[in-house]
Amino acid sequence: MTNAKIKLFLVDDDAVFLKSLEIKFLQHADFVIETFATGELCIKNLTQGPDVIILDYQLDGIEQNAMNGMETLDKIKEFNQDIPVVMLSSQDKIDVAINCMHHKAFDYVVKSETAFMRLQKIITSIFQYKKMEKELSWYMERM
């Protein structure tokens, strides 16, 4: 990772969880964080160029007819398939996780006491992966 701050979008309709996650990220690393309570707001702001999006699976706590996390994930991938999206859910079900991965989520995290630590590790691995991709393309161009 470079010295540039990582732009992180946090999308969750649970205001308390969203705020606590924002505070934890701000305390532990150098992030620029934007928070959104709905998928629609996240989609409207994609032109800001987030490096990573952490997205709630449900997203129906504020408006009944709001886009859910899967619909939001699909719209993000339509906008730019290279934005890594980590899905967050209170559901600890393998079929939910598999569905997220089929929709091109980078990873799936269950909301729990260890969720923040898992998210930190995932974000680190995202940037390690991007660095390896750049190095590989550099070498491939020279072959």
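Definitions and cut-offs
- Residues numbered from 1 in each chain as written.
- Predicted model: local features only at pLDDT ≥ 70, side-chain atom pairs only at ≥ 80, totals over all residues.
- Heavy atoms only, no water.
- Patch = residues over 30% accessible without salt bridge, like charges linked within 9 Å, V, L, I, M, F, W, Y side chains within 5 Å.
- Areas by Shrake-Rupley, 256 points an atom, 1.4 Å probe, with all protein chains shown as cover.
- Salt bridge = Lys/Arg side-chain N within 4 Å of Asp/Glu carboxyl O.
- Helix = DSSP H or I, 4+ residues; strand = E, 2+ residues; numbered from the N terminus.
- Buried < 20%, exposed > 50% of the residue type's maximum accessible area, 1.4 Å probe, protein only.
- Core = buried A, V, L, I, M, F, W, Y, C linked by side-chain atoms within 4.5 Å.
- Contact = heavy atoms within 4.5 Å.

For this particular structure, what's the right way to read a nonpolar patch on the surface?
Taken together, Phe106, Tyr129 and Met132 make up a surface patch of nonpolar side chains, about 300 Å² in accessible area. Checked against the element boundaries, tyrosine 129 lands in helix α5 (residues 115–141). Of the residues examined, tyrosine 129 reaches a relative accessible area of 42% and is grouped as partly exposed.

Explain the nonpolar core to me, please; I cannot follow it from the model alone.
As a rule of thumb, nonpolar side chains are buried together in soluble globular proteins. If you look at the biggest cluster of nonpolar residues, it comprises 21 residues, and the most contacted ones within it are Leu8, Leu10, Leu21, Phe25, Ile54, Leu119 and Ile123. Taken together, the elements giving at least two residues each to this core come down to β1 (6–11), α1 (15–28), β2 (31–36), β3 (52–56), β4 (85–89) and α5. The element best represented in this core is α5, accounting for seven residues. The contact partners of leucine 119, leaving out residues within four places of it in the chain, are Leu21, Phe25, Ile54, Val86, Leu88 and Val109. Within the second largest apolar cluster, 20 residues are counted, among which are Val11, Phe36, Ile53 and Leu55.

Where do I start with the side chain of glutamate 22 in this structure?
Here glutamate 22 is to be found in helix α1. A residue is classified by how much of its surface remains accessible, and glutamate 22, at 15% relative accessible area, is buried. Aside from chain neighbours lying at most four places away, what touches glutamate 22 is Leu10, Ile33 and Thr35.

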